[in-house]
Amino acid sequence: LGLFKYDVSKCQSKKIPGRFEFVAQLNEGRAQKKRQTEFRMDNVCQEFDTKKFNFTKAKQDEVLFQFEMSVDDFTSCYEEKKIVESNASFVYINISPIEYGHVLLVPKVLDCIPQQMSMECLLTALHMSVEVHNPCFKFGFNTLGAYASINHLHFQGYFLNAPFPVERVETEYLNRFTNKGDRDLRVSKLLDYPVRAFVFELGADLKELAREVSSACNKLEGKNIPYNLLIVDCGARVFLLPQKYEENKVAQVIPEDVLETQVNPACFEIGGHMVMKRAQDYDNLTEERICEILSYASLSEAEFKNIEEELFA
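Anyway, here's the lowdown on the structure attached to this text. What you see is a predicted model, and the numbers here were worked out from it, not measured in a lab. (Residues numbered from 1 in each chain as written. Predicted model: local features only at pLDDT ≥ 70, side-chain atom pairs only at ≥ 80, totals over all residues. Heavy atoms only, no water.)

### Remarks on the overall build of the protein chain
On a plain count of helices and strands, the protein chain comes out with 9 helices and 13 strands. By the burial criterion, 52% of the 313 residues in the protein chain qualify as buried. Element-wise, carbon and sulfur atoms account for 47% of the exposed surface of the protein chain, whose accessible area totals about 15,100 Å². (Helix = DSSP H or I, 4+ residues; strand = E, 2+ residues; numbered from the N terminus. Buried < 20%, exposed > 50% of the residue type's maximum accessible area, 1.4 Å probe, protein only. Areas by Shrake-Rupley, 256 points an atom, 1.4 Å probe, with all protein chains shown as cover.)

Here it is as structure tokens:
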């Protein structure tokens, strides 16, 4: 097609020995050719700016298909050219891919919604996760301040032929969810991982999951706390990862040798898929090193406890 900025199939990948089984990739093209962020990093909620890049300015060739929820429960595929509805959701190729099948889902693209969570748009992403029907496909979301580079509501998704390490970490239900049954939505937290996070588990209803997750996201946005989301298990689990890597960078608490890796941990890195930009970092990468890098994205125990009380009291 000539649309991609580099050939992701030529990027080296490997599993890092250790209990987490982190996955690492060397992707020098993404470091050099990815679109640069045009936004302030200290403000999660910023107005949509038509002058800056947004998906209405992407080349038409980058659009793969239109995605919409049907009125019934049946899946349909229309090959013929369909009129684009005013509230259409588009799926684009990612021209700076990380992995096989790397796409961008832009819900209600013509509404020009800034990169802040809404229940309806999250529900679109959950439905698409269900429709892809492959546990290797993951969706991620980054806010401004948590390494989104475009302030136009979008999710990123790709196939990774291994579980994200964060998916296999032991969890503990939050107090108010301990007595719930398998058909109820439940929220837990990770027990032993470099980044503290909440895990939402589907009950009987995708809409309820979208409502609860987006409500928590909106509360974080209201407090100007950047976060990342990871949707796994075909839409059945959502990880919510409040983070402060950029804040720690500004506060100059991150060691120089960590900053030199140029890793800005977004949803996929925090999930355990480390995209390295320099060969020397990739070659020498260990589990201990990854845990060190990611730990600077995590809230402290006290900060996380406060957020837990405010989100789920």
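Still more to cover.
### A closer look at the pairing of strand E11 (residues 227-232)
Of all the 6 residues making up E11, 6 are buried; the element is thus mostly covered by neighbouring parts of the structure. The alternating pattern of E11 places Tyr-227, Leu-229 and Ile-231 and Asn-228, Leu-230 and Val-232 on opposite faces, both of which are buried. Relative to E11, strand E6 (residues 137-142) runs antiparallel, the two being bridged by 4 bridges. Bridge pairing in E11 links Gly-140 to Leu-230. As paired elements, E11 and strand E12 (residues 237-242) share 6 bridges and run antiparallel to each other. For Leu-230, the partnering residue across the bridge sits in E12 and is Phe-239. Taking the residues that link successive antiparallel strands as the turn, the E11-E12 hairpin has 4 residues, and the phi of Asp-233 there is positive, at about 55 degrees. (Pairing = 2+ DSSP bridges.)

### So, the nonpolar core
In this structure, Leu-122, Phe-198, Phe-200, Leu-229 and Leu-240 are the most contacted members of the largest nonpolar core, which totals 40 residues. Elements represented by at least two residues in this core include exactly strand E5 (103-106), helix H2 (119-132), E6, strand E10 (198-201), helix H3 (206-222), E11, E12 and helix H9 (301-312). Of the residues forming this core, the biggest block, 7 residues, is contributed by H3. If we ignore the near neighbours within four places in the chain, the residues touching Phe-200 are Arg-186, Val-187, Leu-209, Glu-212, Val-213, Ala-216, Ala-236, Arg-237, Val-238, Leu-240 and Phe-312. Core analysis: the next-biggest nonpolar cluster, separate from the first, contains 36 residues, Tyr-158, Val-166, Leu-241 and Leu-294 among them. (Core = buried A, V, L, I, M, F, W, Y, C linked by side-chain atoms within 4.5 Å. Contact = heavy atoms within 4.5 Å.)

### Quick notes on the sheet that holds strand E2 (residues 23-26)
Hydrogen bonds between backbone atoms are what pair the strands of a sheet, whose relative direction is either parallel or antiparallel. One open sheet holds the 3 strands; their spatial order is E1-E2-E13, and the pairing between them is mixed. Each edge of the sheet is formed by a strand with only one pairing partner; in this case those strands are strand E1 (13-15) and strand E13 (273-276). Put simply, the sheet's adjacent strands are angled 20 degrees from each other on average, direction ignored. Relative to E13, E2 runs parallel, the two sharing 4 bridges. When the bridges of E13 are listed, Leu-26 appears paired with Met-276. (Axes fitted to C-alpha atoms, helices over the stretch in contact; angles between N-to-C directions.)

### Describing the pattern of salt bridges
Evaluated as defined, the whole model comprises 17 salt bridges. Between Glu-310 and Lys-223 there is a salt bridge, with the nearest N and O atoms lying 2.5 Å from each other. Residue Glu-310 is found in helix H9, and its partner Lys-223 is found in the loop between H3 and E11; the two are separated by 87 residues along the sequence. On the basis of relative accessibility, which here comes to 42%, the residue Glu-310 falls in the partly exposed class. A salt bridge links Asp-233 to Arg-237, with the shortest nitrogen-to-oxygen separation between them at 2.8 Å. (Salt bridge = Lys/Arg side-chain N within 4 Å of Asp/Glu carboxyl O.)

### Details of the packing of aromatic side chains
What describes a pair of aromatic rings is the distance from one ring centre to the other and the angle between the planes of the rings. For the structure shown, the criterion picks out 16 aromatic pairs. Between Tyr-158 and Phe-164, the ring centres sit 6.4 Å apart and the planes meet at 35 degrees, which makes this aromatic pair tilted. Taking 6.0 Å as the distance between ring centres and 45 degrees as the angle between the ring planes, the aromatic pair formed by Phe-164 and Phe-268 counts as tilted. Of the two residues, Phe-164 is situated in the loop between strand E7 (155-159) and strand E8 (171-173) and Phe-268 in helix H6 (residues 267-271); the sequence distance between them amounts to 104 residues. As far as the burial class goes, Phe-164 and Phe-268 line up, both buried. An aromatic cluster of three or more residues is present, and its members are Phe-137, Phe-139, Phe-141, Phe-155, Phe-159 and Tyr-227. (Phe/Tyr/Trp six-rings, centres within 6.5 Å; stacked < 30°, edge-to-face > 60°.)

### So, unusual backbone geometry
Even without being a glycine, Asp-233 presents a positive backbone phi close to 55 degrees. Mapped onto the elements of the fold, Asp-233 is located in the loop between E11 and E12. Judged by its relative accessible area of 30%, Asp-233 falls in the partly exposed class. We note that Gln-252 has phi near 60 degrees; this positive angle belongs to a residue other than glycine. Note that Gln-252 resides in the loop between helix H4 (245-250) and helix H5 (256-259).

### Describing the pairing of strand E4 (residues 89-93)
Among the 5 residues that make up E4, 5 are buried, leaving the element largely enclosed by the rest of the structure. Here E4 shows no split at all, with Ser-89, Val-91 and Ile-93 on one side and Phe-90 and Tyr-92 on the other all buried. Bridge count for E4 against E5 is 4 bridges, and the pairing is antiparallel. Looking at the pairing, Phe-90 lines up with Val-106 of E5.

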